[in-house]
Amino acid sequence: KAGAGAQPPSAADLPPVAIELPLPSTIPSDYIPNRDLRLQLYRRLAEVRSEEELAAIAIEFEDRFGPLPPEAENLLYQLRVRVRGRRAGAAGISVENGQIRIAFPDSLSDAELPDLGPDVRRSKRGLWLSRSVSPDWKARLLTVLSVLVARPREGGAGASRPVPLGKTSPDRVR
């Protein structure tokens, strides 16, 4: 329902995002030896719906278990990508032919895309971020996703509710 009191959907209401990045991502057994505790933490991580929740879990990990090993940092990074990708309306983020592909459930129109820079190109299959042009591709991917989250959507700039790309929503008319 639309209207002045309409609430934006929670992250749980948005479709899931498949993440397939070439990063070893795990909670190593030498970091948290107790298998049951690791499984419990994986379940908690699977439920993360915001970057704030993720940051709180990262702090908790460091407080309880010490500095994060690289594999755990990668796991938290991929979860951050998933949360941000979900908010941007992405269906999946993967690496193909040495490039990062941000796939969307629908076609992207030029009007829906802000300027993402010379290292990002558009195709029918999504957006492509060159890893060779962006040596710090992990930070660049987060930046591109942030720009996509903040892009004007149907209903004008600053519309807080994500609208699937390529679709219109009659209840968004102002």
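An account of the accompanying structure is given in this report. (Residues numbered from 1 in each chain as written. Predicted model: local features only at pLDDT ≥ 70, side-chain atom pairs only at ≥ 80, totals over all residues. Heavy atoms only, no water.)

**Quick look at the overall build of the protein**
Short version of the rule: Secondary structure is summarised from DSSP: a helix means a run of H or I of at least four residues, a strand means a run of E of at least two, and numbering begins at the N terminus for each. Accessibility here uses a 1.4 Å probe with only protein chains present; expressed as a share of the type maximum, an area under 20% marks a residue as buried, one over 50% as exposed, and anything in between as partly exposed. Throughout, a contact is declared for two residues whenever any of their heavy atoms are within 4.5 Å. Accessible surface area values rest on a Shrake-Rupley calculation with a 1.4 Å probe, where residue burial reflects the displayed protein chains alone.
Looking only at helices and strands, one finds four helices and five strands in the protein. The order of helices and strands in the protein, counted from the N terminus, is β-α-α-α-β-β-β-β-α. When the 174 residues of the protein are sorted by exposure, 43% land in the buried category. Within the protein, residue pairs in contact and separated by at least 24 positions form 63% of the contacts whose partners lie at least 6 positions apart. Counting only carbon and sulfur atoms, one obtains 52% of the accessible surface of the protein, whose full area is about 9,800 Å².

**A short note on helix α3 (residues 70-88)**
Worth spelling out the cut-off: Expected helix span is computed as 1.5 Å times (number of residues minus one).
If you check α3, its first and last C-alpha atoms are 26 Å apart, about what 19 residues at 1.5 Å a residue would give, namely 27 Å. For α3, the buried fraction is high: 14 of the 19 residues fall into the buried class. Looking one or two places after α3, you find Gly89, whose phi comes out positive at around 90°.

**Overview of the packing of aromatic side chains**
Spelled out, the test is: Any pair of Phe, Tyr and Trp rings, taking the six-membered ring for Trp, is counted once the centres come within 6.5 Å. Such a pair is stacked with planes under 30 degrees apart, edge-to-face with planes over 60 apart, and tilted for the rest. The criterion is that NZ of a Lys, or CZ of an Arg, lies within 6 Å of the ring centre and within 35 degrees of the ring normal, and then a charge sits over that ring.
Summed over the entire model, instances satisfying the criterion amount to two aromatic pairs. Seen in terms of ring centroids, Tyr31 and Phe65 are 5.9 Å apart; in terms of plane orientation they differ by 65°. Their pairing is edge-to-face. Taken together, the residues Tyr31 in the loop between β1 (18-20) and α1 (35-46) and Phe65 in helix α2 (residues 51-65) connect sequence positions 34 residues apart. By relative accessible area, Phe65 is classed as partly exposed at 23%. Consider the rings of Phe61 and Phe65, whose centres lie 6.0 Å apart with planes at 90°: the pair is edge-to-face. In this pair, Phe61 and Phe65 both sit in helix α2, four residues apart, roughly one turn of the helix. Exposure remark for Phe61: the relative accessible area of 2% places this residue in the buried category. Positioned above the aromatic ring of Trp137, the side-chain terminus of Arg131 is 5.1 Å from the ring centre. Positioned above the aromatic ring of Tyr77, the side-chain terminus of Lys138 is 5.3 Å from the ring centre.

**Re the packing of α1 against α2**
Counted only if it meets this: Simply put, an axis is a line fit to the C-alpha atoms, just over the touching stretch for a helix, and the angle between two N-to-C directions goes from 0 to 180 degrees. Oblique is the label for any angle not covered by the other classes, which are roughly parallel (under 35 degrees), roughly antiparallel (over 145) and roughly perpendicular (65 to 115). Less than a right angle of anticlockwise turn of the near helix away from the far helix marks a crossing as left-handed, whereas a clockwise turn marks it as right-handed. The residue classification treats Ala, Val, Leu, Ile, Met, Phe, Trp, Tyr, Cys and Pro as nonpolar and Asp, Glu, Lys and Arg as charged. All others, Gly included, are polar.
One can describe the packing of α1 onto α2 by two numbers: an axis separation of 11 Å at closest approach and a directional angle of 160°. In terms of their interaxial angle, α1 and α2 are classed as roughly antiparallel. Both α1 and α2 take part in a crossing whose hand is right-handed. Each of Leu37, Leu41, Arg44 and Leu45 in α1 lies in contact with α2, whose residues at this interface are Leu54, Ile57, Glu60, Phe61, Arg64 and Phe65. The class makeup of the residues in the contact of α1 with α2 is seven nonpolar, no polar and three charged.

That is the geometry; function is a separate question.
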